[in-house]
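# Secondary and tertiary structure notes
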Amino acid sequence: MSAKSDISKRMLSSALERCPSIAILRGLTPDKAVEVGHCLIDAGIKVLEVPLNSPDACRSIERMAAAFGDSALIGAGTVLSPQQVQQVHDAGGKIIISPNTNTEVISHSKSLGLISLPGSQTVSEVFQALDAGADGIKAFPANAIPPDVIHAWFAVLPADTLLIPVGGINAGNLEQFWAAGARGFGIGSWLYTPAYSLQQIRENAENLINASKCLTSV
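Residues numbered from 1 in each chain as written. Predicted model: local features only at pLDDT ≥ 70, side-chain atom pairs only at ≥ 80, totals over all residues. Heavy atoms only, no water.

Our next topic: the overall build of the chain. In terms of regular secondary structure, the chain is built from nine helices and nine strands. Against the globule reference of 17 Å for 218 residues, the chain gives a C-alpha radius of gyration of 16 Å, in line with a compact fold. Overall, the chain is about 45 × 35 × 25 Å in size when its C-alpha atoms are taken along their principal axes. Buried positions account for 50% of the 218 residues belonging to the chain. If you take every contact in the chain between residues at least 6 apart in sequence, the share linking residues at least 24 apart comes to 60%. With the model as given, the accessible surface of the chain reaches about 9300 Å², and the carbon-plus-sulfur share is 50%. Between the averaged position of the 15 positive side-chain charges in the chain and that of its 19 negative side-chain charges there is a distance of 4 Å. (Helix = DSSP H or I, 4+ residues; strand = E, 2+ residues; numbered from the N terminus. Rg over C-alpha atoms; globule rule 2.2 N^0.38 Å. Buried < 20%, exposed > 50% of the residue type's maximum accessible area, 1.4 Å probe, protein only. Contact = heavy atoms within 4.5 Å. Areas by Shrake-Rupley, 256 points an atom, 1.4 Å probe, with all protein chains shown as cover. Lys, Arg positive; Asp, Glu negative; His and termini not counted. Charge placed at Lys NZ, Arg CZ, Asp CG, Glu CD.)

In structure tokens, the structure reads:
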């Protein structure tokens, strides 16, 4: 691992220490970006992802990066091409999250100094992503990769692989994934949808923080 990649991995690990979750803000609009970001960051969530299939996603990223760039990692999900990586970088995003393992996306992310978190569903894809320079792995969809499979992966993966299940994560399976080796989670509708009020988003974030507190003892 290069020195830059090592720094990126430490940045991501540090951001996940207080709350080991990435907030997936699918459907967020720019006019709501800063107020939603405030709710989540004030609660303790330090990584915010705006999927690029959200309305005017890069504008939301730009506004949140300007408001919270010193206190949280702001970036994009559903990043499928190097061109999209560049757009996120230009908007001030710091983390690139994808549903798939695309080595061109990983390489361009790293060339721009961004954190790379590609999606993988098999051990072969995980190794391909790590060899390309990924800082962590999005195990996706997690409801098709149960905790016993994650545990089996770690029989062959580097022990310090930062594995983050995404898809179907809830209060009922956090502990099982954590015990299997996960060190972060992508949380979507459990935490945020455009229909939620700010009060509900705040309460959801606080509930997530509370659910996460027990994990270090698992």
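Turning our eyes to something else, we now look at the packing of helix 2 (residues 30-43) against helix 9 (residues 198-212). At a minimum axis distance of 9 Å, the contact between helix 2 and helix 9 shows a crossing angle of 25 degrees. As judged from the angle between their axes, helix 2 and helix 9 are roughly parallel. Here helix 2 and helix 9 pass one another in a crossing that is right-handed. Where helix 2 approaches helix 9, its residues Glu35, Val36, Cys39, Leu40 and Ala43 are matched on the opposing element by Leu198, Ile201, Arg202, Ala205, Glu206 and Ile209. Considered class by class, the residues forming the contact of helix 2 with helix 9 number eight nonpolar, no polar and three charged. (Axes fitted to C-alpha atoms, helices over the stretch in contact; angles between N-to-C directions. Parallel < 35°, antiparallel > 145°, perpendicular 65-115°, else oblique. Left-handed = near helix turned anticlockwise from the far one by under 90°. Nonpolar A, V, L, I, M, F, W, Y, C, P; charged D, E, K, R; others polar.)

Paired through their backbone hydrogen bonds, the strands of a sheet run either parallel or antiparallel. In space, the three strands of this open sheet follow the order 6-7-8, with parallel pairing throughout. The sheet is open, and its two edges are formed by strand 6 (119-120) and strand 8 (163-165), each paired on a single side. Summarising the sheet, strand 6 and strand 7 (residues 137-139) pair through two bridges and their orientation is parallel. Within strand 7, the position partnered with Gly119 by the bridge is Lys138. (Pairing = 2+ DSSP bridges.)

Our focus in this paragraph is the packing of aromatic side chains. For the coordinates displayed, the defined rule picks out one aromatic pair. Its end group placed over the ring of Trp178, Arg183 keeps NZ or CZ at 4.2 Å from the ring centre. (Phe/Tyr/Trp six-rings, centres within 6.5 Å; stacked < 30°, edge-to-face > 60°. Lys NZ or Arg CZ within 6 Å of the ring centre and 35° of its normal.)

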